[in-house]
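Listed below are the residues making up each chain.
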Amino acid sequence: TRQPVRLYAKGAILGYKRSKSNSYANCTLLKVDGVRTREDAAWYFGKRVAYVYKAKKEVMNSKFRVMWGKIRRAHGNSGVVRAKFRKNIPPRAFGAPCRIMMYPSSI
């Protein structure tokens, strides 16, 4: 009856990087749980991000699908980070949870 071990940090997809009138769909903003400063965010640079979602059609006996990305740099001073996904995240994912993997590790 041991608890399962979670090998990723929880995060949330906030939206695209944007200015007042432009939005940049190739750069996604993420909020990582427990990260409050730019210095704390630095540990996550280069880590892989998984956005897991459910689709209607079953592919390879699973309705779950994954979009992979990578954390690139910080965004502002409050621990928000910028990530680049292989394919741009759809706007329906804004506000959805994502998983920040603990690899590749530099320690």
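This section reports on the structure supplied with the text. Chains are numbered independently. Their residues run from 1 in the order of the written sequence. Only residues with pLDDT of 70 or above have their local features reported here, since the model is predicted, and side-chain atom pairs are shown and tallied only from 80 upward, although totals for entire chains, interfaces and linings are computed over all residues. The side-chain figures draw on all heavy atoms in the structure; neither hydrogens nor water molecules are used.

### Regarding the pairing of strand 1 (residues 8-18)
Along any regular strand, the residues point their side chains to alternate faces of the sheet. Convention followed: Two strands pair if DSSP finds at least two bridges between them. Secondary structure elements are defined from DSSP: runs of H or I of at least 4 residues count as helices, runs of E of at least 2 residues count as strands, and each element is numbered from the N terminus.
Relative to strand 6 (residues 97-101), strand 1 runs antiparallel, the two being bridged by five bridges. The partner of A12 across the bridge, within strand 6, is P97. Both strand 1 and strand 2 (residues 23-32) contribute to a ladder of seven bridges, which runs antiparallel. Its bridge partner being in strand 2, K17 is matched across the sheet by Y24. What sits between strand 1 and strand 2 in their antiparallel hairpin is a turn of four residues.

### Brief notes about the side chain of T28
Stated precisely, the cut-off is as follows: Any pair of residues with heavy atoms lying within 4.5 Å of one another is described as a contacting pair.
Tracing the backbone shows T28 in strand 2. Residues in contact with T28, not counting those within four places in the same chain, are I13, G15, Y16, V81, R82, A83, F85 and I89.

### Details of the sheet that holds strand 6
What counts here: Simply put, an axis is a line fit to the C-alpha atoms, just over the touching stretch for a helix, and the angle between two N-to-C directions goes from 0 to 180 degrees.
Pairing is antiparallel around the closed barrel formed by six strands, whose spatial order is 1-2-5-4-3-6. In this sheet, neighbouring strand axes are inclined to one another by 45° on average, regardless of whether the strands run parallel or antiparallel. Here six bridges tie strand 4 (residues 62-75) to strand 5 (residues 80-85), and the two strands are oriented antiparallel to one another. Its bridge partner being in strand 5, R73 is matched across the sheet by R82.

### Some remarks on the pairing of strand 4
Pairing of strand 3 (residues 48-59) with strand 4, which is carried by eight bridges, proceeds in the antiparallel orientation. In the strand pairing of strand 4, V49 is matched with G69. Between strand 3 and the antiparallel strand that follows it, strand 4, lie two residues; M60 among them carries a positive phi value of about 50°.

### Observations concerning unusual backbone geometry
Generally, phi is negative for residues other than glycine and the peptide bonds are trans, each holding for most cases. Here the bond from Y103 into P104 is cis, since omega is -5°, no more than 30 degrees from zero. Here P104 is to be found in the segment after strand 6.

### Observations regarding the packing of aromatic side chains
Aromatic ring pairs: the centre-centre distance and the angle between the two ring planes describe each pair. Filter applied, for reference: Only Phe, Tyr and Trp rings take part, Trp by its six-membered ring, and two of them pair if their centres are within 6.5 Å. Stacked means planes under 30 degrees apart, edge-to-face means over 60, and tilted covers everything else. To sort residues, take the accessible area from a 1.4 Å probe on protein chains only and compare it with the maximum for the residue type: under 20% means buried, over 50% means exposed, and anything in between is partly exposed. Each ring is checked for a lysine NZ or an arginine CZ that lies within 6 Å of its centre and within 35 degrees of its normal; such an atom marks a charge sitting over the ring.
One pass over the structure, following the stated rule, counts three aromatic pairs. Consider the rings of W43 and Y44, whose centres lie 5.2 Å apart with planes at 85°: the pair is edge-to-face. Take W43: its relative accessible area is 34%, and that puts it in the partly exposed class. The positively charged end of K17 is found above the aromatic ring belonging to Y24, 4.9 Å away from the centroid.

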